[in-house]
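Summary of the model geometry
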Amino acid sequence: MKTKTLSVLLLMTTFIVVVSFTFSKQQPKPWNVPEKNAKMANPIKSDAASINTGKASWAKNCASCHGKMGKGDGSKAAKLTTHPGDFSAAATQGQSDGALYYKISEGRDDMPAFKKKISDEDEIWSLVNYIRTFKK
Amino acid sequence: MKAHTTLYNRSPKAALVLFCLLGCLNFLNAQDSTGVKEAATEAPAAPKKSKPVPNTFENIWLLDNQSVMVPTKGSFQLDFMHRFGTIDGGYQSLFGLFGGINIRIGADYVPREDLMVGLSLTEYNLTWEGYVKYAGLKQTKDDKIPVSVTYYGNMAVDTRSDPTGGLYPHGSDRLMFFNQIIIARKFGDRFSIQVAPSLTHVNVVQGYYGGDTTADGKSVLGKEMKHDHFAIAFSGKVKLNNTLNLLLNYDQPITKHLTNNPNPNLSAGLEINTTGHTFQVLVGNYRYITPSRNNYYNNNDYKDGQWLIGFNMTRLWNW
């Protein structure tokens, strides 16, 4: 009887572990940015006005997935197929402004193409400036 | 004693006004474009293009009115709007929440830049609305254009059942038209205001025999209200934080009618925004949701405490 109970427990544990690994968040696959886009210079100076614009846009458009401080811990993050990543880390902060602008504008998979949602290009550049404030 | 009847006016006046207004906006836009082209030919270096001021308002709705905004090309939006009963019923109607509810479901689409078209159905008198909205001018960051100007035109059809034809002897009697020029300006990051004069045209009005007669002895039919009604709306937005706005709105009737003059509307609300959703909760006097009916028939009076609670919910998709 005891052996049977142990076997059932072991089977259940194995099942949970297998299911957990199967449905865990996928790590981001490489996202190549065309060279000309990556080299684009940010035309918006990172001053207080731009940071405020970026912060407001972040609260409205980004925080629900990426979290208030860009840690990838927004309220919708758990529903995403791909983990939104930690924007304070070098993986994001090491990218050029042009690359970040391209990714925000074009989107991919879970990430919407914000060029369709934010009509003002300057606002997207301000978002890039705001993302820089997450740097550790 | 008044003998009531109805008077008809099926002239294409409303359509004429609509096309005149659209023509004016196109003319203004063309003037601006021409100016840019001329500057380009005079100076070999490409002139710096004026950029429009973004987010004067966050949604196409500004409580009971349309805002100056038109979403980006390809946007599709669903609107869900509720107006509850007036709060003066007290606990018996749970301050209006359990009585006299009016609901509107609408769909809006932007087929080309600056032009929105829409269709909606409102519960009150099963009113279908078809509408167009065109952003003719946009305030620019360099202040070359100091205000945004948008035209909004709406045609409403009362589709409630009338098997005997007693209510509406002619199909066109069911129509109402609403034309509005919306002028708005954003001041800094936190404050936007909007002024919107409007003209409502109602095809059929109540008439009466007041005892006057013509020279040949025939009774003169008077009109209780005019077919055309002018009004003006003042609205504003105060940004409280990055996702929360305070909205204020006041609608003042201008045209004076013989009787049944509509009351002004005062409303205030809070607006919460995300990328796709906007939620506005408000307290005001308008209950009909349909703009022509709100402006022409509002009998709720804020001085008598006839306030009601309502909300607007929208979901926006971009393709």
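Attention in this report is confined to the structure presented alongside it. Quick caveat: nothing in here was measured; it's all calculated off a predicted structure. (Residues numbered from 1 in each chain as written. Chains lettered and ligands numbered in written order. Predicted model: local features only at pLDDT ≥ 70, side-chain atom pairs only at ≥ 80, totals over all residues. Heavy atoms only, no water.)

**Comments concerning the overall build of chain B**
- Each helix and strand counted, chain B has two helices and 17 strands in total.
- Looking at chain B as a whole, 45% of its 319 residues qualify as buried.
- Within chain B, residue pairs in contact and separated by at least 24 positions form 61% of the contacts whose partners lie at least 6 positions apart.
- Counting every atom, chain B has about 15300 Å² of accessible surface; 64% of that belongs to carbon and sulfur. (Helix = DSSP H or I, 4+ residues; strand = E, 2+ residues; numbered from the N terminus. Buried < 20%, exposed > 50% of the residue type's maximum accessible area, 1.4 Å probe, protein only. Contact = heavy atoms within 4.5 Å. Areas by Shrake-Rupley, 256 points an atom, 1.4 Å probe, with all protein chains shown as cover.)

**Details of the packing of helix α5 (residues 97-106) of chain A against helix α6 (residues 121-132) of chain A**
Residue and element names in this part refer to chain A.
- The contact between α5 and α6 brings their axes to 10 Å, and the two run at 120 degrees. It follows that α5 is oblique to α6 by the angle criterion. For the pair α5 and α6, the sense of crossing is right-handed. The segment α5 lies against α6, with Asp97, Gly98, Leu100, Tyr101, Ile104 and Ser105 engaging Glu121, Ile124, Trp125, Leu127, Val128, Asn129, Ile131 and Arg132.
- The residue makeup of the contact of α5 with α6, split by class, is eight nonpolar, three polar and three charged. (Axes fitted to C-alpha atoms, helices over the stretch in contact; angles between N-to-C directions. Parallel < 35°, antiparallel > 145°, perpendicular 65-115°, else oblique. Left-handed = near helix turned anticlockwise from the far one by under 90°. Nonpolar A, V, L, I, M, F, W, Y, C, P; charged D, E, K, R; others polar.)

**A short note on a nonpolar patch on the surface**
Residue and element names in this part refer to chain B.
- Among the surface-exposed residues, Phe80, Ile101, Ile103, Ile105, Leu240, Leu270, Ile272, Phe279, Val281 and Met313 lie close enough to one another that they form a single nonpolar patch of about 760 Å² accessible area.
- When residues of the nonpolar patch are traced back to their parent elements, those giving at least two are β5 (102-112), β15 (265-273) and β16 (277-284).
- With respect to the helices and strands, the residue isoleucine 272 is situated in strand β15.
- Note on isoleucine 272: relative accessible area 44%, which makes it partly exposed. (Patch = residues over 30% accessible without salt bridge, like charges linked within 9 Å, V, L, I, M, F, W, Y side chains within 5 Å. Salt bridge = Lys/Arg side-chain N within 4 Å of Asp/Glu carboxyl O.)

**Quick look at the nonpolar core**
- By size, the foremost hydrophobic cluster in this structure holds 22 residues, and its most contacted members are Phe57, Val68, Val70, Met116, Tyr152 and Ile182 of chain B.
- Going through the elements one at a time, β2 (61-62), β7 (127-137) and β9 (175-187) of chain B are the ones with two or more residues in this core.
- Among the elements that make up this core, the one with the highest residue count is β9 of chain B (three residues).
- Beyond its immediate sequence surroundings of up to four residues, valine 70 of chain B is in contact with Val110, Asp114, Leu115, Met116, Lys133 and Ala135 of chain B.
- Core analysis: the next-biggest nonpolar cluster, separate from the first, contains 17 residues, Ile124, Leu127, Val128 and Tyr130 of chain A among them. (Core = buried A, V, L, I, M, F, W, Y, C linked by side-chain atoms within 4.5 Å.)

**Looking at the pairing of β15 of chain B**
All names here are of chain B.
- Residues Asn265, Ser267, Gly269, Glu271 and Asn273 point to one face of β15 and are all buried, whereas Leu266, Ala268, Leu270 and Ile272, pointing to the other face, are not buried.
- In this sheet, β15 lies alongside strand β14 (residues 244-253) in antiparallel orientation, the contact comprising eight bridges. Considered in β15, the bridge of leucine 248 is made with alanine 268.
- In this structure, β15 lies alongside β16, joined through six bridges in antiparallel fashion. When the bridges of β16 are listed, asparagine 273 appears paired with threonine 278.
- Where β15 folds back onto β16 in an antiparallel hairpin, the turn is made up of three residues. (Pairing = 2+ DSSP bridges.)

**Remarks on the sheet that holds β14 of chain B**
- Read around the closed barrel, 12 strands run β4-β5-β6-β7-β8-β9-β10-β13-β14-β15-β16-β17 (chain B), paired in antiparallel fashion. Across this sheet, the average inter-strand angle for adjacent strands is 20 degrees, counted without regard to direction.

**Re the packing of helix α3 (residues 48-66) of chain A against α6 of chain A**
Residue and element names in this part refer to chain A.
- Two elements in contact, α3 and α6, have axes separated by 7 Å at closest approach and are oriented at 95 degrees. As far as their axial angle goes, α6 and α3 are roughly perpendicular. Together, Ser50, Ile51, Thr53, Gly54, Lys55, Ser57, Trp58, Asn61 and Cys62 of α3 and Glu123, Ser126, Leu127, Asn129, Tyr130 and Ile131 of α6 make up the contact between the two elements.
- Class assignment of the residues belonging to the contact of α3 with α6 gives a composition of six nonpolar, seven polar and two charged.

**Regarding the interface of chain B and chain A**
- Listed as interface residues are 14 residues of chain B and, on the opposing side, 12 residues of chain A.
- Counting each side, the surface lost to burial between chain B and chain A is near 1300 Å², with a carbon and sulfur contribution of 44%.
- Sorting the residues of chain B by area buried against chain A places Asn242, Thr275 and Asn318 of chain B first, and these three jointly supply 39% of that buried surface.
- Seen at the junction of chain B and chain A, the total is four salt bridges.
- Note that lysine 60 of chain A is salt-bridged to glutamate 58 of chain B, the shortest N-O span being 3.0 Å.
- At the surface where chain B touches chain A, the tally comes to 10 residue pairs in polar contact (both at pLDDT 80 or more).
- Class assignment of the residues belonging to the side of chain B that touches chain A gives a composition of two nonpolar, eight polar and four charged. (Buried area = accessible area lost by both parts, 1.4 Å probe. Polar contact = N/O pair within 3.5 Å; in protein donor to acceptor, adjacent residues only side chain to side chain.)

**Here we look at α6 of chain A**
All names here are of chain A.
- Its 12 residues give α6 an end-to-end C-alpha distance of 17 Å, which sits within 8% of 16 Å, the value for a rise of 1.5 Å per residue.
- Of all the 12 residues making up α6, 10 are buried; the element is thus mostly covered by neighbouring parts of the structure.
- Within α6, burial applies to Asp122, Glu123, Ile124, Trp125, Ser126, Leu127, Val128, Asn129, Tyr130 and Ile131.
- On its buried side, α6 packs onto α3, α4 (90-93) and α5. (Expected span 1.5 Å × (residues − 1).)

**Some remarks on the side chain of lysine 60 of chain A**
- Residue position: lysine 60 of chain A is located in helix α3.
- A relative accessible area of 18% means that lysine 60 of chain A is categorised as buried.
- One polar contact links lysine 60 of chain A to glutamate 58 of chain B, side chain to side chain, over a distance of 3.0 Å.
- In contact with lysine 60 of chain A, not counting residues within four places along its chain, are Glu58, Thr243, Asn273, Thr274 and Thr275 of chain B.

**What to know about the packing of aromatic side chains**
Residue and element names in this part refer to chain A.
- Under the definition given, this model contains 14 aromatic pairs over all chains.
- When the centroid spacing of 6.1 Å and the interplanar angle of 65 degrees are considered together, the rings of tryptophan 58 and phenylalanine 87 count as edge-to-face. With a gap of 29 residues between them, tryptophan 58 in helix α3 and phenylalanine 87 in the loop between α3 and α4 connect regions that are remote in the sequence.
- Through a chain of ring-to-ring contacts, the aromatic side chains of Trp58, Phe87, Tyr130 and Phe134 assemble into a single cluster. (Phe/Tyr/Trp six-rings, centres within 6.5 Å; stacked < 30°, edge-to-face > 60°.)

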